[in-house]
Amino acid sequence: MKKRLVISTGAGISAESGISTFRDAGGLWENYPVMDVCSADGFARNPALVHKFYNERRKSLVDCQPNAAHKALVELEKWYDVYVITQNVDDLHERAGSGNVLHLHGELMKVRSLRHPERTYTLGGEEVAITTPGIDDPLVTTPESRDPYGDPVRPHIVFFQEAVPNIEPAIDLAAKADIFVVIGTSLVVYPAAGLLHYVRPGVPVYYIDPNPAAVPDYVTVIPEKATAGVQKLVELLRPKSAV
Ligand code: APR
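Owing to the predicted nature of the structure, the values given are computational and were not obtained by experimental measurement.

### A look at the side chain of Thr86
Mapped onto the elements, Thr86 comes out in strand β2 (residues 80-86). With a relative accessible area of 0%, Thr86 lands in the buried category. A distance of 2.7 Å separates a polar atom in the side chain of Thr86 from a polar atom in the side chain of Thr9.

Structure (structure tokens):
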């Protein structure tokens, strides 16, 4: 029976793939008023601006690749049941080959119906489900975009002021972890930042971040960038019997 390795990742794991973090110097929130482009009020106020913001992020994402840290997490699946809980909206964990990825804050490559939120559509795929008058770029949506049912769509992103629907399954995973790892997050946004506190006492916890936030002293901090830190983690977690 493989041990459950639960890994909670933030923007830092994608930094070395060329994707800006949010709160580092020059981060996304330094260049955009977060409540204009990533809040329920902001979307109600100016949906065109929000669509434009996510169109730009989608276009840069397709040119980015998973980095060695994303790939090393896949390697750990050889010896552990690995579950990734990510605050990231990019698809780099999936593109690296991770089998179990739970997105807490949504998925950048997806949009969903405004009227039927259970209807989600992946942009840039084979089937073109979303049509936008006068625009044939499959990665671009506007308030005029329509799904196959004729409904307007919105980014499949959890905005500030909105509930985090996947937090319950995430808490369940943290509570069942045999090893818990946090990678590349400033631990300032809840409820994601609180997952650490659901880990059972005595379960080893690791935190990989070059500029780590304050964490309880039972956490083993690896103060490295993700690519170097995850390599160290693999050496620590590789079973002795494994070559
Ligand atoms: N490797 C690992 N960690 C890194 C690297 C790197 N190369 N570069 C930066 N970091 C770390 C920073 O030290 C910081 O702790 O990544 C973290 C980035 O923190 P934030 O920018 O706050 O990103 P995150 O914690 O993921 O933000 C959480 O806030 O705005 C919301 O929805 C957004 O999901 C996001 C949430």
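Next comes the rest of the write-up.
### Some thoughts on the site of the ligand
The ligand sits among 22 residues. The nearest are Arg23, Trp29, Thr185, Ser186 and Asp209. Residue Gly184 places a main-chain N or O atom 3.4 Å away from an oxygen atom belonging to the ligand. Relative to its unbound accessible surface of 730 Å², the ligand loses 94% to contact with the protein. Its residues placed into classes, the shell around the ligand shows 8 nonpolar, 9 polar and 5 charged.

### Describing the side chain of Ser17
Mapped onto the elements, Ser17 comes out in the loop between α1 (12-15) and α2 (28-31). Assessed through its relative accessible area of 12%, Ser17 is described here as buried. If we ignore the near neighbours within four places in the chain, the residues touching Ser17 are Cys64, Gln65, Pro66, Asn67, His70 and Leu92.

### As for the pairing of strand β8 (residues 205-208)
Side chains Val205 and Tyr207 of β8 all project onto a buried face; the interleaved residues Tyr206 and Ile208 project onto the opposite face, where all are buried too. Two strands pair when backbone bridges link them, and strand β7 (residues 179-183) and β8 are joined in this way by 4 bridges, in the parallel orientation. Its bridge partner lying in β8, Val182 is registered against Tyr207. Pairing of β8 with strand β9 (residues 219-222) involves 4 bridges; the strand directions are parallel. Looking at β9, one finds that Ile208 is bridged to Ile222.

### Focus on empty space enclosed by the protein
Counted under the stated rule, the structure contains 1 cavity of 30 Å³ or more. Estimates place the volume of the largest cavity at around 40 Å³. Lining the largest cavity we find Ser8, Phe180, Val182, Thr185, Leu187, Ala192, Ala193, Leu195 and Leu196. Looking at the lining of the largest cavity, its residues break down into 7 nonpolar, 2 polar and no charged.

Basis of the calculations
- Residues numbered from 1 in each chain as written.
- Predicted model: local features only at pLDDT ≥ 70, side-chain atom pairs only at ≥ 80, totals over all residues.
- Heavy atoms only, no water.
- Helix = DSSP H or I, 4+ residues; strand = E, 2+ residues; numbered from the N terminus.
- Buried < 20%, exposed > 50% of the residue type's maximum accessible area, 1.4 Å probe, protein only.
- Polar contact = N/O pair within 3.5 Å; in protein donor to acceptor, adjacent residues only side chain to side chain.
- Near = heavy atom within 4 Å.
- Areas by Shrake-Rupley, 256 points an atom, 1.4 Å probe, with all protein chains shown as cover.
- Nonpolar A, V, L, I, M, F, W, Y, C, P; charged D, E, K, R; others polar.
- Contact = heavy atoms within 4.5 Å.
- Pairing = 2+ DSSP bridges.
- 1 Å grid on protein atoms, 1.4 Å probe; cavity = no way out; pocket = protein on both sides within 12 Å on 5 of 7 lines; lining within 4 Å.
- Points joined across faces, edges and corners; volume = space filled by probe spheres on them.

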